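# An overview of the molecular structure
The residues making up each chain are set out below.
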Amino acid sequence: MTTRVSRRRLLQVSAAAVPALALGARPARAGTAAPLTTGVVPSSMAGFDQAMKTFITERDISCAQLAVAKNGKILLARGYGVYSRAGLVTRVQPTSLFRIASLSKNITGAAIARLAQDGKLSLGAKVTTLLGLPATADPRLAHVTVWRLLQHTAGWDRNVSKDPLWNDHTIAASLGVPLPIDHADIMKYVTARKLDFDPGSKFVYSNYGYMLLGRIIEKVSGMSYESYVRQKLLAPAGITRMRLGRSLRSAAFSTEVSYTSKYTNKSVVDASGAVVPYPYGGFNMPNQDANGGWLASAVDMVKWGFVFDKAGPVLNATSIGRVFAKPETGVTAGGSWYGLGWNVRNNNVGGLNTWHNGSMPGTFSFLARVQNGVSYCAIFNRREEEGTPDFDAIDPILGRAIGTVKTWPTTDLTPRYF
């Protein structure tokens, strides 16, 4: 899983009207059929729909979703394409489940904030104490706090020491254990090695840090990570479909789309040595849980985003402030920073734009909350690969599509999907 602060999102979203086919995408190839669709697109929001269709066609995406909301109301909910499950070809619905990859991080961040809100955890607590991790290999590990895990300043750099969530074969061989490895194996392997930089000295995106946060949630709550999130966060928000994903196609949920990639990998879910499609056994979904393991629909994610609009049954005002707080490393040259699972920057109407993407083989997702109460989520069943156009282009495409809406609808689609 990867994320990067999009240079486009560092610019404030333009409110200027932009023709739908000029939203950063080339016209669809001649003779290419538009994707089959489901859901609701108000006529005044057709610019969003047309831009998505062009994006999907250009990139040969077979399954996608889009949801758009304003001021706590879901206004557009769309499924694009078809998938096959148990021999049946099924249209993607607005409620179909997709792997959302690193959009999972703001869910984990909120879970930690909720534990702190309930007085069960201090964000300044040391990870070595919480999880009983020895600092023998590197005394600096004792300076890694929950805050530093949340804001990616803990000391791990995957460009230096590789991402342990994607290094199963090496870890299994090093520890002398069979595949599949689990969280305990990953922690044992990483803890026996030095950090890559001094904790708190800089921002470096770390899936491993968020994996550790999942273990902290389990240790402090006495519940499984998934159970805690579903009971304490999702249920109060009225979201029931979301759940953790599984590795193999045969174990997929009935409403879950299929994933595509031109790449393969040696299986990490068994010791067979078989070469498998990368999305199905080329990486271990259960191990990704807190850093990238959730399944959701686009409507689920925009509804989840409402949790951060104001104090409510999930998070109080103090917790929301913590979610978007600036880290000890300050802000980037472009004025953005990383909060608790969100990229953040001030917008031009006195509030905050917050966003994140998610990417793993077979998945690309993007969620944003921008000015004037607008939010949107797009999810796809493939990501950018060699030879495909840029997938991060969805950011300016959807941001500029806001300007095509002359009159926002008033009908709330939320009761239709929840």
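Figured I'd write up the structure that's included with this text. (Residues numbered from 1 in each chain as written. Predicted model: local features only at pLDDT ≥ 70, side-chain atom pairs only at ≥ 80, totals over all residues. Heavy atoms only, no water.)

## Observations regarding the packing of helix 7 (residues 183-191) against helix 8 (residues 207-221)
- With their axes 11 Å apart at the nearest point, helix 7 and helix 8 run at an angle of 125 degrees to one another. As far as their axial angle goes, helix 8 and helix 7 are oblique. Here helix 7 and helix 8 pass one another in a crossing that is left-handed. Contact residues: His183, Ile186, Met187, Val190 and Thr191 in helix 7; Tyr208, Met211, Leu212 and Arg215 in helix 8.
- The residue inventory of the contact of helix 7 with helix 8, partitioned by class, reads six nonpolar, two polar and one charged. (Axes fitted to C-alpha atoms, helices over the stretch in contact; angles between N-to-C directions. Helix = DSSP H or I, 4+ residues; strand = E, 2+ residues; numbered from the N terminus. Parallel < 35°, antiparallel > 145°, perpendicular 65-115°, else oblique. Left-handed = near helix turned anticlockwise from the far one by under 90°. Contact = heavy atoms within 4.5 Å. Nonpolar A, V, L, I, M, F, W, Y, C, P; charged D, E, K, R; others polar.)

## Concerning the environment of Val314
- Counting through the fold element by element, Val314 comes out in the loop between helix 11 (298-305) and helix 12 (317-323).
- Residue classification places Val314 among the buried residues on the basis of a relative accessible area of 2%.
- Separated by 37 residues in the primary sequence, Val314 and Gly351 place their C-alpha atoms 21 Å from one another.
- For Val314, the residues in contact, after removing those within four places along its chain, are Arg114, Gln117, Lys232, Leu233, Pro236, Ala237 and Val307. (Buried < 20%, exposed > 50% of the residue type's maximum accessible area, 1.4 Å probe, protein only.)

## Quick look at the sheet that holds strand 5 (residues 98-99)
- With antiparallel pairing, the three strands of this open sheet are ordered in space as 5-9-6. Of all strands in the sheet, those with a lone pairing partner are strand 5 and strand 6 (243-244), marking the two edges.
- Sheet analysis places strand 6 next to strand 9 (residues 294-296), joined by two bridges and oriented antiparallel. Bridge assignment links Leu244 to a residue of strand 9, and that residue is Trp294.
- Packing against the sheet, helix 9 (residues 225-234) makes contact with strand 6 and strand 9, and its axis sits at approximately 40 degrees to strand 9. (Pairing = 2+ DSSP bridges.)

## Notes on helix 8
- Its 15 residues give helix 8 an end-to-end C-alpha distance of 21 Å, which sits within 8% of 21 Å, the value for a rise of 1.5 Å per residue.
- By the criterion of burial, helix 8 is predominantly enclosed, with 12 of the 15 residues buried.
- Those residues of helix 8 not exposed but buried are Asn207, Tyr208, Gly209, Tyr210, Met211, Leu212, Leu213, Gly214, Arg215, Ile216, Ile217 and Ser221.
- One side-chain oxygen at the N-terminal end of helix 8 lies 3.4 Å from the backbone nitrogen of Tyr208; it belongs to Ser206.
- Among the residues trailing helix 8, Gly222 stands out with phi positive, at a value near 75 degrees. (Expected span 1.5 Å × (residues − 1). Polar contact = N/O pair within 3.5 Å; in protein donor to acceptor, adjacent residues only side chain to side chain.)

## A short note on the packing of aromatic side chains
- Inspection of the entire model under this criterion finds 17 aromatic pairs.
- Here the aromatic rings of Phe364 and Phe391 are separated by 5.8 Å at their centres, their planes lie at 75 degrees, and the arrangement is edge-to-face. Placement of the pair is Phe364 in strand 13 (residues 363-369) and Phe391 in the loop between strand 14 (374-380) and helix 13 (394-401), with a sequence separation of 27 residues.
- Here Phe364 falls in the buried class, since its relative accessible area comes to 4%.
- Residue classification places Phe391 among the buried positions, given a relative accessible area of 0%.
- Taken together, Phe55, Phe364, Phe380 and Phe391 form an aromatic cluster joined through their ring pairs. (Phe/Tyr/Trp six-rings, centres within 6.5 Å; stacked < 30°, edge-to-face > 60°.)

## Topic: the state of the cysteines
- Inspection of every chain in the model, using the stated rule, returns zero disulfides.
- Unpaired in this structure, Cys63 has its nearest cysteine sulfur neighbour in Cys377, at a distance of 15 Å. (Disulfide = S-S within 2.5 Å.)

## Overview of the environment of Asn71
- Along the chain, the position of Asn71 falls in the loop between strand 2 (63-70) and strand 3 (73-85).
- According to the relative accessible area criterion, Asn71 is exposed, its value standing at 57%.
- Spatially, the C-alpha atoms of Asn71 and Gly373 are 4.7 Å apart, while their sequence positions differ by 302 residues.
- Ignoring any residue separated from it by four or fewer positions in sequence, one finds Asn71 in contact with Asn372 and Gly373.

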